[in-house]
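Here is what each chain is made of, one letter per residue.
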Amino acid sequence: TAYETVSLYRKSGRVDFELRVIWNDTLKTVKIGFALALEKARSLYEIPYGTLERKADGGENPVQKWVMVKGKARVRGKSGLVNYSVGVAVDTICGADVQADGELRLTLLRSPNHGHLTGQATETSPDRQIVDQGGPRRARYSLVAGSGDLGLPELGVALSQPLQVTFEGAQPGDTVVPFSLLSCAPTSVHVGAIKKAEDGKGFIVRLVETRGKKSEAKVVGPKGFKAIRTQLKPFEIQSWRGVAGKA
């Protein structure tokens, strides 16, 4: 049994999906596919601190937070073929494949024998257990498309690490003015980690470039800490220490 909610937004090309499944089957794989009108399709997958292009041959590949298919498409109002991309950001989906014709398929559920997806004949024995994902399951994924930057790294983070809001009751004392703990620009440079320095002097912030392009970044910390300005190479990772009055 499956229930899917599809959300469309005014003035936004993003489509959100939320799938809820009661899964009680074995030796089955459940995929959902997006048939794309793209020519000369090629697939790009997010990997830790980077991206990797893989063949669009239908082979199953691991997925981090997003996968994208790039190719040529016919766009309304334009003559001829133009560069076009379609991407999907995911929260709990860990596998996908891209067919030679450009179809993108997400692997939603698996309950294979001994964890394989090769299509070989099934063998059962006490030492070859069924990998069962039985019971209620939930998955969220978002589809975006266009000829420019799709913002997939940011969308993937928003899905897999949603903002947590905690409500707190009134407390005695002076009113606290809202302030920003940390900000980083441009959006293509992400803060991968932030922690207190081990010697107790300031904090450590880790930056990562997510678009494969040289970038100028600026990090503004709490009041009293000098802003960090740096240049990052494509997919470069940098660690900085912020100390009161300097960086």
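In what follows, the structure referred to is the one given above.
Rules used throughout
Residues numbered from 1 in each chain as written. Predicted model: local features only at pLDDT ≥ 70, side-chain atom pairs only at ≥ 80, totals over all residues. Heavy atoms only, no water. Helix = DSSP H or I, 4+ residues; strand = E, 2+ residues; numbered from the N terminus. Buried < 20%, exposed > 50% of the residue type's maximum accessible area, 1.4 Å probe, protein only. Contact = heavy atoms within 4.5 Å. Salt bridge = Lys/Arg side-chain N within 4 Å of Asp/Glu carboxyl O. Polar contact = N/O pair within 3.5 Å; in protein donor to acceptor, adjacent residues only side chain to side chain. Patch = residues over 30% accessible without salt bridge, like charges linked within 9 Å, V, L, I, M, F, W, Y side chains within 5 Å. Areas by Shrake-Rupley, 256 points an atom, 1.4 Å probe, with all protein chains shown as cover. Pairing = 2+ DSSP bridges. Axes fitted to C-alpha atoms, helices over the stretch in contact; angles between N-to-C directions.

Draft legend 1. Region of the structure containing the overall build of the protein. The number of helices and strands found in the protein is one helix and 17 strands. A total of 247 residues make up the protein; the buried ones form 34% of that total. Nonlocal contacts in the protein, meaning residues at least 24 apart in sequence, comprise 57% of its contacts between residues at least 6 apart.

Draft legend 2. A look at the pattern of salt bridges. Following the criterion strictly, the structure yields twelve salt bridges and no others. A salt bridge links Arg105 to Asp97, with the shortest nitrogen-to-oxygen separation between them at 3.1 Å. Of the residues examined, Asp97 reaches a relative accessible area of 0% and is grouped as buried. The partner of Lys195 in a salt bridge is Glu198, and the shortest N-O contact between them spans 3.9 Å. You can call Glu198 exposed: its relative accessible area is 78%. Here the salt bridges do not stand alone but share partners, grouping Lys31, Glu60, Asp97 and Arg105 into one network.

Draft legend 3. The environment of Asp16, seen in detail. In this structure, Asp16 sits in strand β2 (residues 15–23). Take Asp16: its relative accessible area is 13%, and that puts it in the buried class. Sequence separation between Asp16 and Leu143 is 127 residues; the distance between their C-alpha atoms is 6.4 Å. Among residues more than four places away in sequence, those in contact with Asp16 are Thr5, Val6, Ser7, Tyr9, Tyr141 and Ser142. Side-chain polar atoms of Asp16 contact the side chain of Tyr9, separated by 2.5 Å.

Draft legend 4. Summary view of a nonpolar patch on the surface. Side chains of Leu163, Val165 and Phe167 sit close together on the surface and give an oily, nonpolar patch of about 440 Å² of accessible area. With respect to the helices and strands, the residue Phe167 is situated in the loop between α1 (152–160) and β12 (183–185). Overall, Phe167 belongs to the exposed group, its relative accessible area being 76%.

Draft legend 5. Just unusual backbone geometry, in detail. For the bond from Ala185 to Pro186, the omega torsion is 0°, close enough to zero to count as cis. Note on placement: Pro186 falls in the loop between β12 and β13 (189–196). Of note in the backbone geometry, Lys40 takes a positive phi value of approximately 55° without being a glycine. Relative to the elements of secondary structure, Lys40 occurs in strand β4 (residues 39–47). Taking relative accessible area as the criterion, Lys40 reaches 73% and is therefore assigned exposed. Although it is not a glycine, Phe235 sits at a positive phi angle of roughly 60°.

Draft legend 6. The arrangement of the sheet that holds β12 in detail. Spatially, three strands are ordered β12-β15-β16 in an open sheet, and the strand pairing comes out antiparallel. On the outer flanks of this sheet lie β12 and β16 (228–232), each paired with one strand and no other. The average undirected angle you get between the axes of adjacent strands in this sheet is 20°.

Draft legend 7. The arrangement of the sheet that holds strand β1 (residues 2–8) in detail. With antiparallel pairing, seven strands are arranged side by side in an open sheet as β1-β2-β11-β8-β7-β4-β5. The open sheet is flanked by β1 and β5 (50–54), the only strands paired with a single partner. Mean inter-strand twist for the sheet, computed between neighbouring axes without regard to direction, equals 20°. This element, α1, spans β7 (66–74), β8 (81–90) and β11 (135–146) of the sheet and lies at about 20° to β8.

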